[in-house]
Each structure stands twice: as structure tokens, then as C-alpha cells.
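So the chains spell out like this:
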Amino acid sequence: MTRLTMSEIKEVIRLRYINQLSIRQISVSTGIPKSTVSDYVNRFRITGLKAEELSSVSEDELYSRLFPERSMSLNRTFPMPDLDYIAREKRRKGVTWLLLWQEYKSVHPDGYNYTQFKEYCKKHISRLSPTMRQIYNAGEIMFVDYSGLTMDIVDRYTGEVSEAQIFVSALGASGAVFVHATESQKKESFILSHSLAFEYYGAVSKTVVPDNLKSAVTKHTRDVLTVNSSYSDMAKYYGCAVIPARPAKPQDKAKVEQAVQGIQRWVLAKLRNRLFNTVQELNSAIAAKSGADWTGNPVLIGHHFRN
């Protein structure tokens, strides 16, 4: 049942007993589920109060009369579950919250109901496994990736359609974003996008964190990491290090994941119905949508994208 505020409860009672609306009409008027409206109406009827008396009844008194079971439980002390045991068992395959609660209730019949039991246990587990906050220093890391969303390029003479790839980079510390549309994800385009990103940022980051695409990584296992030779040469030329994200670990490059999502939602989606004959036209349009100045270079975007 949806829990209502006291003002919402009073409004439901007013509509039912003073305005004489039906349960369905009250639900439509207030947006409160019919089952919830019905429950509160029945609770008020049992209290023996009249709707006209609401103004003279304090909220505490009304609450205690509507929910006598909750008022009685305020002074009760419930047996706590063994939280460490619950945390261990929940990690085991096939073990559900319902099963753990049923086991708890078999030992403590007067214990917490399912919702409160689950809430206490989840809070305990979250304290055991806090989320790691990633902090970056200025100039330390540049994350790079390609957007999964591509843009169509239609040859003006043949009508042939190809897919332009959208390269995105984001700095770890500032979150500044650079975008570059290219004809493919081949190493030549991949490395060009990096060079232009460094030019845009006005510096080279100490490390570059790419995804595990072929232009960046030849092999990446637990024991072996082989960076594409051309990509490795680029890193040597610029004096930076390439540290690919771990396979299937998107948290390693969360900054650029967020940047890609922002580009897709706020730039590419707005251009979905435009016809582009060249990648250069696409870059120009992206620049205009992003608010960046177009100078004939690939699009440069220096602000954050947020969900």
C-alpha cells in the first residue's frame, strides 16, 4: 500500500465523505491508487470519527486512530537478525531475501516484517561494500571510446550509405569532452582523433585509457596485454602511457561512458533526421549543435554532459 502524508489522507477523507466522490473518482482526482484510497477510507470509517471533526483532531491523534497497529509497535523491541550471517548467505547462489526472511521468522516469529528486515540487511551490506569513489588529478588521465550510435553518411553521387564513427574523449579531472566523427575505427582514424584531442586540450595526459577495440589492443587477458604497435608508437611519440580498461569493466572508464551518453542524447539524437554527404559536414553540424566554434577542425566540445 502506498503510504500517504497526513494532508493527503485528509484530502481523501474530505473527497469521500464531504464531496461524496467514489473510490475510483478519488483515485483519478488525486492520482492515488484505488486500493490505497479504499484502505484509508475504511480505516477512517472504523475510527468512528466524522469528516467534519478533522479540523479539531490533532495529526498525532488521527494517526494513532488510523494506524493502531503501528502506534502499538512504537514501543516494541524487535529481535535483530544476524546481519553478518545474512551478508554471507546472500552472496551464495540461489539465496533470496524471501528465503532469509522466512528463516529469520521461523526463529523469531515476533520479528521484523519482510520489508523492514530487507531494509536493515541491505544497509548493513552496503556498509560492508562501499562504492569506490574515483578521484583524478589534472592532466593525469584521458579516457577514450567510440559511441555505439553511429551516423549515416550518404554519398551524393552513388547514394551509397556508410556509417560515420563517433570518437569521444573525456579528461578524468575536469570531464572536458572532445568529439570527432571519422569514416571508420581503423587505426589511422583512431590515432588522428587522439592527436586532435591532445591539440584541443592543449596538453597530453600522462595516461590514456581506451576500450579494448582492435585499433588499441591486440590481446588483453589476465596474464597478457598487447597494445597495437601503431598505438604504442603514438604513445611513445607523445610521451604518454596507454592503459586499456579491463574487459567487461565499464567502471574503469565511467567518465567517457557518461560523455558518450551525453553526446548521444544531446547532439547526435538532434541530428538524426539530417542528411549528411561527408564526415566533414557531420563534424560541422555537431559543432553547431554543441555550441562550439567551427574552424574547419573536428568538433571541439569543452563542457560536461550530465544525465
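Residues numbered from 1 in each chain as written. Predicted model: local features only at pLDDT ≥ 70, side-chain atom pairs only at ≥ 80, totals over all residues. Heavy atoms only, no water.

1. Quick notes on the overall build of the protein chain
- What the protein chain contains, in helices and strands, is 12 helices and 8 strands.
- Counting the 307 residues in the protein chain, one finds 38% classified as buried.
- For the protein chain, the exposed area adds up to about 18500 Å²; of that, 50% sits on carbon and sulfur atoms. (Helix = DSSP H or I, 4+ residues; strand = E, 2+ residues; numbered from the N terminus. Buried < 20%, exposed > 50% of the residue type's maximum accessible area, 1.4 Å probe, protein only. Areas by Shrake-Rupley, 256 points an atom, 1.4 Å probe, with all protein chains shown as cover.)

2. Focus: the confidence of the model for the protein chain
- On average, the protein chain scores 83 in pLDDT, and the residues at 70 or more come to 86%.
- Per-element averaging of pLDDT across the protein chain places helix α5 (residues 68-73) at the bottom with 58 and strand β2 (residues 151-154) at the top with 96.
- With pLDDT under 50 throughout, residues 292-307 is counted as low confidence; its partners more than four residues away or in other chains account for 48 contacts. (pLDDT = per-residue confidence, 0-100. Contact = heavy atoms within 4.5 Å.)

3. Comments concerning the packing of helix α6 (residues 83-90) against helix α7 (residues 97-107)
- At their nearest, the axes of α6 and α7 sit 11 Å apart, and the two run at 145° to each other. As α6 packs across α7, the resulting crossing turns out to be right-handed. Contact residues: α6 offers Tyr 85, Ile 86, Glu 89 and Lys 90, while α7 offers Trp 97, Leu 100 and Glu 103.
- Partitioning the contact of α6 with α7 into residue classes produces 4 nonpolar, no polar and 3 charged. (Axes fitted to C-alpha atoms, helices over the stretch in contact; angles between N-to-C directions. Left-handed = near helix turned anticlockwise from the far one by under 90°. Nonpolar A, V, L, I, M, F, W, Y, C, P; charged D, E, K, R; others polar.)

4. Things to note about the nonpolar core
- If you look at the biggest cluster of nonpolar residues, it comprises 26 residues, and the most contacted ones within it are Ile 166, Val 168, Ile 263, Leu 271, Leu 282 and Ile 286.
- Sorting the residues of this core by element identifies β1 (141-146), β2, β3 (161-171), β4 (177-182), α11 (254-268) and α12 (279-290) as the ones contributing at least two each.
- It is α11 that contributes the most residues to this core, 6 residues altogether.
- Counting residues in each nonpolar core, the second largest holds 20 residues, with Val 144, Phe 198, Val 217 and Cys 240 among its members. (Core = buried A, V, L, I, M, F, W, Y, C linked by side-chain atoms within 4.5 Å.)

5. A word on the packing of aromatic side chains
- Taken as a whole and assessed by the stated rule, the structure comprises 14 aromatic pairs.
- On the numbers, 5.1 Å between centres and 25° between planes, the contact of Tyr 104 with Phe 117 is stacked. Highlighted residues: Tyr 104 in helix α7 and Phe 117 in helix α8 (residues 114-128), separated in sequence by 13 residues.
- Pairwise contacts between aromatic rings join Tyr 146, Phe 167, Phe 178, Phe 190, Tyr 200, Tyr 201 and Tyr 231 into one cluster.
- When the ring centre of Tyr 17 is taken as reference, the NZ or CZ atom of Arg 16 above it lies at 6.0 Å. (Phe/Tyr/Trp six-rings, centres within 6.5 Å; stacked < 30°, edge-to-face > 60°. Lys NZ or Arg CZ within 6 Å of the ring centre and 35° of its normal.)

6. As for the pairing of β4
- Buried residues dominate β4, accounting for 6 of its 6 residues.
- Counting the residues between successive antiparallel strands, the hairpin from β3 to β4 contains 5 residues, one of them, Gly 175, with a positive phi of roughly 80°. (Pairing = 2+ DSSP bridges.)

7. Observations concerning the side chain of Asn 277
- By the element assignment, Asn 277 lies in the loop between α11 and α12.
- Separated by 3.4 Å, the side chains of Asn 277 and Arg 156 make a polar contact.
- Ignoring anything within four residues of it in the chain, the contact list for Asn 277 reads Ile 153, Val 154, Asp 155 and Arg 156. (Polar contact = N/O pair within 3.5 Å; in protein donor to acceptor, adjacent residues only side chain to side chain.)

8. Topic: helix α3 (residues 34-47)
- Its 14 residues give α3 an end-to-end C-alpha distance of 20 Å, which sits within 8% of 20 Å, the value for a rise of 1.5 Å per residue.
- When α3 is considered as a whole, its buried residues turn out to be Thr 36, Val 37, Tyr 40, Val 41, Arg 43, Phe 44 and Thr 47. The buried side chains of α3 occupy one side of the element, clustering within an arc of 160° when seen end-on. Across α3 from its buried face, at more than 90 degrees, point the exposed residues Ser 35, Arg 45 and Ile 46.
- The first or second residue beyond α3 is Gly 48, which carries a positive phi of 85°. (Expected span 1.5 Å × (residues − 1). Arc of directions from axis to C-beta.)

9. Notes on unusual backbone geometry
- Phi is positive for Gln 20, which is not a glycine, with a value near 60°.
- Locating Gln 20 in the fold gives a position in the loop between α1 (6-17) and α2 (23-30).

10. So, the pairing of β3
- Alignment of β1 against β3, held across 5 bridges, turns out to be antiparallel. By the bridge assignment, Met 142 is partnered in β3 with Leu 171.
- Looking at chain direction, β2 and β3 are connected through 4 bridges and run antiparallel. For Ile 153, the partnering residue across the bridge sits in β3 and is Ser 162.
- Between β2 and β3, which pair antiparallel and follow one another directly, the connecting turn spans 6 residues, one of which, Gly 159, has a positive phi of 80°.
- Sheet analysis places β3 next to β4, joined by 6 bridges and oriented antiparallel.

11. Thoughts on the pattern of salt bridges
- Going through the model one piece at a time under the given rule, you end up with 6 salt bridges.
- The partner of Arg 14 in a salt bridge is Glu 11, with the nearest N and O atoms 2.6 Å apart. Of this pair, Arg 14 and Glu 11 both sit in helix α1, 3 residues apart, which is roughly one turn of that helix.
- Residue class for Arg 14 comes out partly exposed when judged on its relative accessible area of 31%.
- For Arg 43, the salt bridge identified is with Asp 39, shortest N-O distance 2.9 Å. Here Arg 43 and its partner Asp 39 are both found in helix α3, 4 residues apart, which amounts to about one turn of the helix. (Salt bridge = Lys/Arg side-chain N within 4 Å of Asp/Glu carboxyl O.)

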